[in-house]
Amino acid sequence: MKSAFLIGFLAILSLNSNGQVDLINKVKDNGGGDGSNYRFTTQIDLEATPVRDQGRSGTCWSYATTGFVEAEMMRMGKDPIDISEMFTVRQVYRDKAEKYIRLHGHLNFAQGGALPDVLLVIKKYGAVPQSVYQGLNYGTDINNHGELESVLKGMLDAVMANKNGKLTPVWRQSVESVLDVYLGPYPTEFEFDGKKYTPRTFADKVMGIDPDNYIQITSWTHFDFYDRVQIQVPDNWAWSDSYNVPLDEMMDALDHALEKGYTVAWAADVSEKGFSLKNGVAIVPETELSDMSADQRMEVFKKPSPEMQITQEVRQKAYDNYETQDDHGLLITGKAVDQNGNVYYIVKNSWGERENPYRTGYLHVSAAYVRYKTISLLMHKEAIPKTTVKKILL
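Residues numbered from 1 in each chain as written. Predicted model: local features only at pLDDT ≥ 70, side-chain atom pairs only at ≥ 80, totals over all residues. Heavy atoms only, no water.

A. Representation of the overall build of the chain within the structure. The helix and strand tally for the chain stands at 13 helices and 13 strands. Relative to the globule expectation of 21 Å for 394 residues, the C-alpha radius of gyration of the chain, 21 Å, shows essentially globular dimensions. If one aligns the C-alpha atoms of the chain with their principal axes, the spans along those axes are about 65 × 45 × 45 Å. The contacts in the chain between residues at least 6 apart in sequence include a share of 77% that link residues at least 24 apart. Roughly 17400 Å² of accessible area belongs to the chain as shown, and the carbon and sulfur atoms make up 48% of that amount. Taken as two groups, the 42 positive and 52 negative side-chain charges of the chain have centres that lie 4 Å from each other. (Helix = DSSP H or I, 4+ residues; strand = E, 2+ residues; numbered from the N terminus. Rg over C-alpha atoms; globule rule 2.2 N^0.38 Å. Contact = heavy atoms within 4.5 Å. Areas by Shrake-Rupley, 256 points an atom, 1.4 Å probe, with all protein chains shown as cover. Lys, Arg positive; Asp, Glu negative; His and termini not counted. Charge placed at Lys NZ, Arg CZ, Asp CG, Glu CD.)

What follows is the structure, given as structure tokens:
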């Protein structure tokens, strides 16, 4: 058994390229640089905790929904608290390993996840403050999960490849040991503001977030509208449910939530050429950027230009053709209009305090982009318009 584990480790210990890092570099280079003439007027700007940095890890889903939970606590009148993203990540690795083994490896075991994963962990395990659990036991100042992912997956593949005809009774302990080594031991009890807590009591008594109060909505035509569905993307490893509504109703729900003071977690495809980190905007130009000259591409990031009309059919086609991928999680905290009256959403990112012409660590994302590239929206049930609530039978 020892040799099987060793073979598993050595076979894949070489680090995989980090998809999130590649993604950051790609969208950072989109667009035309300085000289922007966009002029935004903020209409809604909701409270949120400071911008965080996920580092070299594919854990945007944890940062997005943790930021959402922190904003929800502030909306509820609670003091802002920095909640540990890596405690959640640790427990997701644990549960994902269990499911990976049960499905004989037919599951996407990687760093990615889905927005509801944070709520699943809060419900099952609780939560801890960042000051208690940083998850940085491997000698760096920022998250870097390439080796951790490889070691865990190599071990799990070795467990399944054993010739004993049945699994050993200790493989789960091996997973826990790896997580202890890389992220830190499980915080069974800790002190916060002079009081002792467990992850369970901290979540219940300090955070006060009821995971059952939050739902995810989406919009696809390969499902019936108003049904509860499971979004078919690889990172939805927990098979979390969403409610499928028409595109216009999904956008109405987003607007309604923001108008009522609720932030919204956003799962989206940000690998589009119109998503530009350095320009601080995400747009869907009417003409494909690949069909423009270099000067024309620079121009669309300098001032508002006509955008593509995004219908339900256009959106679905991009998903069916793999043009829309589930590659990032963010937090929508507000709404703005440009000088021509076009609507944009104010979006908090998790790539650190990267500067752009408008707001450090944030972007302005056009309504067309949100219509086109949204995978799902996570929000409080009370943020959903009553007309939609009746149709999905909440």
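B. Looking closely at the confidence of the model for the chain. In the predicted model, the chain carries a mean pLDDT of 92, and 91% of its residues have values of at least 70. For residues 1-17, every residue scores under 50 in pLDDT, and the model assigns this stretch 25 contacts once sequence neighbours within four places are set aside. (pLDDT = per-residue confidence, 0-100.)

C. View of empty space enclosed by the protein. In total, this model carries 3 cavities of 30 Å³ or more according to the counting rule given. Of the pockets and cavities examined, the largest cavity occupies roughly 80 Å³. Considering the residues around the largest cavity, the lining is formed by 13 residues, among which Tyr63, Ala64, Gly67, Lys348 and Asn349 are closest to the centre. Put simply, the parts of the chain that give the lining of the largest cavity at least two residues each are helix 3 (60-75) and strand 10 (328-337). No other element matches the 4 residues that helix 3 contributes to the lining of the largest cavity. Across the lining of the largest cavity, the residue classes tally to 4 nonpolar, 5 polar and 4 charged. (1 Å grid on protein atoms, 1.4 Å probe; cavity = no way out; pocket = protein on both sides within 12 Å on 5 of 7 lines; lining within 4 Å. Points joined across faces, edges and corners; volume = space filled by probe spheres on them. Nonpolar A, V, L, I, M, F, W, Y, C, P; charged D, E, K, R; others polar.)

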